[in-house]
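Chains, contacts and geometry: an overview
Okay, here's what each chain looks like letter by letter:
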Amino acid sequence: MGETTLKLMLWTLPWLILVLGIGYGFSQSEDIEHFLLGNMPVMLKDFSEIKFSEKTFGLKGVEITGKSVVTEFYFASPFPFPVKIKEVLIKGETKSGDEFELKLEKEVLIRPYENSTLTLRGNLPRHLPESDVKLKDARVSVEIFGILVEVEG
Amino acid sequence: MKNAESDFKKEIFEKEGKNQNKNQKPRTESIAGLITGLVAGVLTLIIPFLGHWWELRIGEAFILKLDPFNPEIVIFGKEAFIPLLYWTGFSLKLIVLLSGALLIIGSITSRWWSVHLVKFGSTKLCWIVVATFVSLLALNLGIPGLELPIEIPLNEISTEIVRMENVKITIPIYARLTEAFWIAVFASLLGIYVRFKSK
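One numbering rule holds for all chains: residues counted from 1, following each sequence as written. Chain letters start at A and ligand numbers start at 1, both assigned in the order the entries are written. Reporting in this predicted model follows two pLDDT cut-offs: at least 70 for local features of residues, and 80 or more for side-chain atom pairs to be given and counted; totals over whole chains, interfaces and linings ignore these cut-offs and use all residues.

**Some remarks on the overall build of chain B**
Rules: What counts as a helix is a DSSP run of H or I of at least four residues, what counts as a strand is a run of E of at least two, and both are numbered from the N terminus. Whether a residue is buried, exposed or partly exposed follows from its count of other C-beta atoms within 10 Å of its own C-beta, namely 20 or more, 12 or fewer, or something in between, respectively; the C-beta atoms are built from the backbone.
A count of helical and extended segments in chain B gives five helices and six strands. Counted from the first residue to the last, chain B has its helices and strands arranged as α-α-β-β-β-β-α-α-β-β-α. Considering chain B as a whole, with its 199 residues, one finds that 25% of them fall into the buried category.

Listed below in structure tokens is the structure:
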């Protein structure tokens, strides 16, 4: 075997391995899309199917005992992954203009598609009927896979 | 007649001696070259099994463990499997293993083809290291036409804050070049050294 032949063989070898390897992989795949993207489209489809509706989040009830207020919210998780609700703070106002706050008792971990109830507690300046209490602004902090999302409004 | 014969023998001996000097390097240099070649070859053989070279974590939502031989992508806790990446990595692994083996064979032999095996074995890993680093730099510095909403660091922990109307998103980003990458860089440099020494 000559030097030129060896050089040529050594130059060709890596390309041959690369082409044969990728070619074999392609022959094992269902189609070109699956070969190039794998299971990514299926994974992204799961996320594109996340839908929010009126049934996702809402007020379940308000209970006033003396000055103490307890409110319950329902949350039907539309997420295919777990979500940690770190903080919920709702500011309210009484008919006479006094402000109060309702806070989530503790962090809540909600599993994929789980229905759960969030309990918020706070104190009014004095005992008032439910009709005299109005909820205004809210701040919600949610942790999704280590990413903190804070929504105010 | 005797004189002519001895002159001829002398001439052949001198020629052989010259050729020997041309082909054989001084003993110390040969041993150094042999050891460097062996170390570079063995490291090249080990590198595909050392794990990922670079790790990127965007929270825990997106995890990329960049290994040219077996990249791993996890999105929202689910592992992505892309056949093209898997088979490219598998082929690169074969190429690197072959180059490591040929680098060792080339280093321990002193035949006419040894230098070609060393040349083959010494550069493949280097190309993969360079290509990986250039890709990471492009990701870090930004690719024209491909604007990412967040800055991807090369080797640090940072926090990106994205604001949209009344939504604030805090994204912890962790990027790290691993020991496996630095070992690959070291092996590549050794390979380059062996290549220049073998010329």
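Moving on from the model shown.
**Quick look at the confidence of the model for chain A**
Rule in force here: The quantity called pLDDT is the predictor's confidence in a given residue, expressed from 0 to 100.
A residue-level look at chain A finds 99% of positions with pLDDT of 70 or above and a mean pLDDT of 89. At the level of individual helices and strands, chain A shows its lowest average pLDDT in helix 3 (residues 40–48) of chain A, which scores 83, and its highest in helix 1 (residues 3–28) of chain A, which scores 94.

**A few points about the pairing of strand 6 (residues 115–123) of chain A**
Within a regular strand, side chains alternate between the sheet's two faces. Residues and elements named next belong to chain A. Cut-off, in case you're wondering: Being paired, for any two strands, means DSSP has found at least two bridges between them.
With nine bridges connecting them, strand 2 (residues 68–76) and strand 6 associate as antiparallel partners. Within the sheet, the bridge partner assigned to Ala 76 lies in strand 6 and is Asn 115. Sheet topology note: the strand 4 (residues 99–104)/strand 6 ladder contains three bridges and is antiparallel. In the sheet register, Lys 103 faces strand 6, and the bridge partner there is Arg 121.

**Thoughts on the nonpolar core**
All names here are of chain B. What counts here: Here a nonpolar core is just a set of buried residues of the types Ala, Val, Leu, Ile, Met, Phe, Trp, Tyr and Cys, joined wherever their C-beta atoms sit within 7 Å.
Ranked by internal contacts, the top residues of the largest apolar core, which has 31 residues, are Ala 40, Ile 47, Trp 54, Val 96, Leu 125, Ala 184 and Ala 187. Among the elements of the structure, helix 2 (27–46), strand 1 (54–58), strand 2 (62–66), helix 3 (83–108), helix 4 (114–141) and helix 5 (179–197) are those that each provide at least two residues to this core. The element that contributes the greatest number of residues to this core is helix 4, accounting for nine residues.

**What to know about the pairing of strand 2 of chain A**
Residues and elements named next belong to chain A. In the sheet, strand 1 (residues 57–65) pairs with strand 2 via eight bridges, with the strands oriented antiparallel. Directly across from Ile 64, in strand 2, lies its bridge partner Val 69. The loop that links strand 1 with its antiparallel partner strand 2 comprises two residues; one of these, Gly 66, has a positive phi angle of about 65 degrees.

**Digging into the interface of chain A and chain B**
Heads up, the condition is: Contacts are defined on C-beta atoms placed from the backbone: any two residues whose C-beta positions lie within 7 Å are in contact.
The interface of chain A with chain B comprises 30 residues on the first partner and 30 residues on the second. Those elements giving two or more residues to the side of chain A that touches chain B turn out to be helix 1, helix 2 (32–37), helix 3 and strand 8 (147–152) of chain A. When residues of the side of chain A that touches chain B are assigned to their parent elements, the largest contribution, ten residues, is made by helix 1 of chain A. Here four bridges tie strand 8 of chain A to strand 6 (residues 167–177) of chain B, and the two strands are oriented antiparallel to one another. Each bridged residue has a counterpart across the sheet, and for Leu 148 of chain A the counterpart in strand 6 of chain B is Thr 170 of chain B.

**Description of helix 1 of chain A**
Using the following cut-off: By definition here, a helix of n residues has an expected span of 1.5 Å times n minus one. Two axes enter the definition of the bend at a residue: one is fitted to the seven residues ending there, the other to the seven starting there, and the bend is the angle between them.
Under the 1.5 Å per step criterion, the end-to-end length of helix 1 of chain A is 37 Å for 26 residues, consistent within 8% with the ideal 38 Å. Roughly 30 degrees is the biggest bend found in helix 1 of chain A, and it falls at Leu 13 of chain A, with proline Pro 14 of chain A one to four residues downstream.

**Some points on unusual backbone geometry**
Unlike most non-glycine residues, Phe 145 of chain A shows phi in positive territory, near 50 degrees. One can find Phe 145 of chain A in the loop between strand 7 (133–144) and strand 8. Judged by C-beta crowding, with 19 C-beta atoms within 10 Å, Phe 145 of chain A ranks as partly exposed. Positive phi values are uncommon outside glycine, yet Phe 76 of chain B reaches one of about 45 degrees. Tracing the sequence through the fold places Phe 76 of chain B in the loop between strand 3 (72–75) and strand 4 (78–80).

**Quick word on the confidence of the model for chain B**
Reading fine detail from the predicted coordinates is not recommended where pLDDT is low. All names here are of chain B. Taken over all residues, the pLDDT of chain B has a mean of 85, while the share at 70 or more is 85%. The least confident element of chain B, judged by mean pLDDT, is helix 1 (residues 2–23) at 50; the most confident is strand 1 at 96. Ignoring residues within four places in sequence, the model shows residues 16–28, a span with pLDDT below 50, making two contacts including any to other chains.

**Some details on the packing of helix 3 of chain B against helix 4 of chain B**
Residue and element names in this part refer to chain B. This is how it is decided: Working convention: axes come from line fits to C-alpha atoms, limited for helices to the stretch in contact. Angles between N-to-C directions cover 0 to 180 degrees. Left-handed describes a crossing whose near helix is turned anticlockwise from the far helix by less than a right angle; the clockwise case is right-handed. Each residue gets one of three labels, nonpolar for Ala, Val, Leu, Ile, Met, Phe, Trp, Tyr, Cys and Pro, charged for Asp, Glu, Lys and Arg, and polar for the others, Gly among them.
Packing of helix 3 against helix 4 leaves a shortest axis separation of 7 Å and a crossing angle of 145 degrees. Crossing of helix 3 against helix 4: the hand is left-handed. Contacts from Leu 92, Ile 95, Val 96, Ser 99, Gly 100, Leu 102, Leu 103, Ile 105, Gly 106 and Ser 107 of helix 3 reach helix 4 at Ser 114, Val 115, Leu 117, Val 118, Phe 120, Gly 121, Ser 122, Lys 124, Leu 125 and Ile 128. Across the contact of helix 3 with helix 4, the residue classes tally to twelve nonpolar, seven polar and one charged.

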